[in-house]
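Chain by chain, the residues run as shown.
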Amino acid sequence: SLGRQDIFEPDEGPDWGPEEEMLTAKGRFEEKRLREPYSATEMGLIYVNPAGPGGVPDPKLSAQEIRFVFAKMGMDDQDTVALIAGGHAFGKCHGAAPEEFLGPDPSSSPIEQQGLGWKFNYKTGKGPHTFTSGFELAWSPTPTEFGIQYLRLLFQHEWEIETSPAGKPQWVAKDAPEIIPDAHDPHKRHKPRMLTADLALRFDEEYAKIARRFLEDPEGFERAFARAWFKLTHRDMGPKTCYIGPYVPKEEFVWQDPLPKRDYDLTDDGEAEELKERILTSGLSISQLVYTAWSSASSYRDSDRRGGANGARIRLYPMNQWEVNHPEDLKKIIEVYEKIQREFNEKQKGAGSGKRVSLADLIVLGGCAALERAASKAGMDLRVPFTPGRVDATEDQIEVGFYEAIEPFADGFRNYFRDPAAIDEGDIYTTPEYLLVDKAQLLKLTVPEMVVLIGGLRVLGAVYKYGKYGVLTKEPETLTNDFFGNLLDMDIEWRQADEHRYLFEGYERGSGALKWVATRVDLIIGHHDQLRAVAEVYACDDAKEMFLRDFVAAWDKVMNLDRFDLRTKG
Ligand code: HEM
């Protein structure tokens, strides 16, 4: 389908992880685990090292890496086998000679080279003398046609390790005749060859089962490949409403975060007011309402336009079991919302009205109601925008494996960090404050938006486990700019409070009394020069209204990040 946008410069927002050294797994894939939140095991590669983890040609270990990485792309074992086997039905690897013949990278190359890629100074540097990956092999006897040949060879032969002309470990079928055509010389033939990552499909038990099934059912393989390919090339476009043009398939896929069609009328402003009142008298606290709305909407990630409040997937497995979503508390909150929803919808039905409210809308509306109440407690009159129209997804409309794989481990907005022992101040990538920036870019936030949201969420008490970390106010659940004033207060001296340097305590200088406890994410707002500049503005006595206005605008932006249904196509 059509609908992608062209950009004119690289997106510098995403956290690609440590970029100090090419082709290293350092800081990414250590102790057989892919470090959160990364999706490639080595710097500079999109998936895994083709030669096996760290260049060690072990197909089973390679399978483990592949499984991690493909799960991050939302691919299960079947998708993975289909994609690799289908992709490597075509083409070849290029590694005609050692890497020392390779020129500088394109932007460091002489000006007359005009951006035409990496120059390889071995013979012609082209055709049979090409170098890209450093492996030299082709997989299939018919490398311009889709088919089952790759899988057939993979299982038919015994594989022996060898070294490519460029010096990389690869595998050759020792008992096979020379049946692979040369890419350039019609008279030449080669033995079948494979990468370590290819052999993973044979030597990993789960992959092998699928691969053998494909071998027996080539049409099934073709179908699985077609579906996985469509997913690979469309999964970051977001829901189907973002597709345009004549090729949009009728079929819906669970990875598109599908939503049911709304078959009822929407609530108007009057009914929204009525529902807000009902929510505020339901027994749920301001922090619960704010935390739930935020948790629902901030699951959005702009990198693949998935998640968000629409669908109310927060109440479905596995999002309802994410630690940061307070599973037990969430269950009770959802029950309250369900009751309110039932009562409202039954009343409307009884009155012959076609109006209904979704749980997804109620959760967001609950957030609006709580903000308005918290502002009135601060003596401010506030109206938080609300646009109904969200619908509720069903159990079969959530991609379980994917949402399991992306469970948050760090979320500075909710002051949540799963494992403070993992913090290493000498390695910025391990710190909660660094990961906060990644979360902020996934939510498309600017620097001031990020800062104002944190300040607001903290005073509302919308922090993990409704604890006290970062709640720098004497009047929690009141929408004030207190967080900033207290964070920047020169009378407070901050001291390390735990061995991991995650928590800090704020003591009053004169009396020595303990006043606050905060995390690194709170303190970075006073420490980092740009963040501090923003915090200083919001801390001002005459900035109360501005704080409120900016907080609500940023809040509303997050609540609607996934509302593609409200935007016109084009
Ligand atoms: C574990 C995952 C994978 C690894 C480690 C891997 C590795 C590689 C390597 C090293 C090359 C050679 C590049 C060169 O020397 O020019 C290559 C080529 C290729 N790969 Fe993959 N690949 C993977 C998955 C895939 C997938 C999922 C597809 C597509 C569905 C795919 C399609 C291709 C094609 C078509 C070529 C040939 C390119 C050409 O002829 O120039 N690969 N792959």
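Residues numbered from 1 in each chain as written. Predicted model: local features only at pLDDT ≥ 70, side-chain atom pairs only at ≥ 80, totals over all residues. Heavy atoms only, no water.

### Structural notes on the site of the ligand
So, point 1. Every one of the 21 residues lining the ligand counts as a neighbour, but His-88, Lys-92, His-94, Thr-132 and Ser-133 are closest to it.
So, point 2. Note that an oxygen atom of the ligand is positioned 2.9 Å from one of the backbone N or O atoms of Lys-92.
So, point 3. Between an oxygen atom of the ligand and a side-chain N or O atom of His-94, the distance comes to 2.7 Å.
So, point 4. For the shell around the ligand, the elements supplying multiple residues, two or more each, are helix 1 (59-72), helix 2 (77-87) and strand 3 (92-93).
So, point 5. In the shell around the ligand, the residues fall into 14 nonpolar, 6 polar and 1 charged. (Near = heavy atom within 4 Å. Polar contact = N/O pair within 3.5 Å; in protein donor to acceptor, adjacent residues only side chain to side chain. Helix = DSSP H or I, 4+ residues; strand = E, 2+ residues; numbered from the N terminus. Nonpolar A, V, L, I, M, F, W, Y, C, P; charged D, E, K, R; others polar.)

### Concerning the sheet that holds strand 12 (residues 492-496)
So, point 1. Taking strand neighbours across the sheet as the criterion, the 3 strands line up as 12-13-14 in an open arrangement whose pairing is antiparallel. Edge positions in the sheet fall to strand 12 and strand 14 (514-519), since each has one partner strand and no second. In this sheet, adjacent strand axes meet at a mean angle of 30° when their direction is disregarded.
So, point 2. With 5 bridges connecting them, strand 12 and strand 13 (residues 503-508) associate as antiparallel partners. Each residue of the ladder has a partner; that of Arg-495, found in strand 13, is Glu-505.
So, point 3. Where helix 15 (residues 520-527) meets the sheet, it contacts strand 12, strand 13 and strand 14, and its direction lies at approximately 95° from that of strand 14. (Pairing = 2+ DSSP bridges. Axes fitted to C-alpha atoms, helices over the stretch in contact; angles between N-to-C directions. Contact = heavy atoms within 4.5 Å.)

### Digging into the environment of Leu-457
So, point 1. Note on placement: Leu-457 falls in helix 13 (residues 447-459).
So, point 2. Judged by its relative accessible area of 0%, Leu-457 falls in the buried class.
So, point 3. Residues in contact with Leu-457, not counting those within four places in the same chain, are Val-290, Trp-294, Phe-413, Ala-462, Phe-551 and Trp-555. (Buried < 20%, exposed > 50% of the residue type's maximum accessible area, 1.4 Å probe, protein only.)

### Quick look at the packing of helix 7 (residues 269-280) against helix 9 (residues 327-350)
So, point 1. Remark: helix 7 packs on helix 9, axes separated minimally by 11 Å, with the N-to-C direction vectors making an angle of 140°. In terms of crossing hand, the pair formed by helix 7 and helix 9 is right-handed. In this structure, helix 7 contributes Glu-271, Glu-274, Leu-275, Arg-278 and Ile-279 to the contact, and helix 9 contributes Tyr-337, Lys-339, Ile-340, Glu-343, Phe-344, Lys-347 and Gln-348.
So, point 2. Among the residues making up the contact of helix 7 with helix 9, the classes are represented as 5 nonpolar, 1 polar and 6 charged. (Left-handed = near helix turned anticlockwise from the far one by under 90°.)

### Remarks on the pattern of salt bridges
So, point 1. In this structure the tally under the stated criterion is 36 salt bridges.
So, point 2. Across the pair Glu-36 and Lys-72 runs a salt bridge whose closest N-O atoms are separated by 3.5 Å. Of the two residues, Glu-36 is situated in the loop between strand 2 (33-34) and helix 1 and Lys-72 in helix 1; the sequence distance between them amounts to 36 residues.
So, point 3. Owing to a relative accessible area of 27%, Glu-36 belongs among the partly exposed residues under this scheme.
So, point 4. The partner of Glu-399 in a salt bridge is Lys-231, and the shortest N-O contact between them spans 3.1 Å. (Salt bridge = Lys/Arg side-chain N within 4 Å of Asp/Glu carboxyl O.)

### Side note on the domain arrangement of the protein
So, point 1. With domains assigned, the protein is organised as domain 1 (29-95 + 132-234) and domain 2 (410-539).
So, point 2. Taken over C-alpha atoms, the centre of domain 1 sits 46 Å from the centre of domain 2. (Domains from an automatic or database assignment.)

### A short note on the pairing of strand 6 (residues 169-173)
So, point 1. For strand 6, a buried count of 4 out of 5 residues is recorded, marking the element as mostly surrounded by other parts of the structure.
So, point 2. As defined by bridge partners, strand 5 (residues 159-163) adjoins strand 6 across 5 bridges and the pair is classed as antiparallel. Its bridge partner lying in strand 6, Glu-162 is registered against Gln-170.
So, point 3. The turn linking strand 5 back onto strand 6 is made up of 5 residues, and Gly-167 within it adopts a positive phi angle of 95°.
So, point 4. Bridge count between strand 6 and strand 9 (residues 193-194): 2 bridges; the pairing is antiparallel.

### Section: the packing of aromatic side chains
So, point 1. For the structure on display, the rule yields 29 aromatic pairs.
So, point 2. Centroid distance Phe-484 to Phe-547: 6.1 Å. Interplanar angle 70°. Geometry classified as edge-to-face. With Phe-484 in helix 14 (residues 482-488) and Phe-547 in helix 17 (residues 544-559), this residue pair connects regions lying 63 residues apart in the sequence. Of the two residues, Phe-484 and Phe-547, neither departs from the other in class, the shared state being buried.
So, point 3. An aromatic cluster of at least three residues, connected via ring pairs, comprises Trp-294, Phe-413, Phe-483, Phe-484, Tyr-538, Phe-547, Phe-551 and Trp-555.
So, point 4. A cation over an aromatic ring shows up here: Arg-28 above the ring of Tyr-38, its NZ or CZ 5.6 Å from the ring centre.
So, point 5. The lysine or arginine in question, Arg-495, covers the ring of Tyr-507, its NZ or CZ lying 4.1 Å from the ring centre. (Phe/Tyr/Trp six-rings, centres within 6.5 Å; stacked < 30°, edge-to-face > 60°. Lys NZ or Arg CZ within 6 Å of the ring centre and 35° of its normal.)

### A few points about the side chain of Thr-292
So, point 1. By the secondary structure assignment, Thr-292 is in helix 8 (residues 286-297).
So, point 2. If near-sequence neighbours (up to four positions away) are discounted, Thr-292 is found in contact with Ile-314, Leu-330, Ile-333 and Ile-363.

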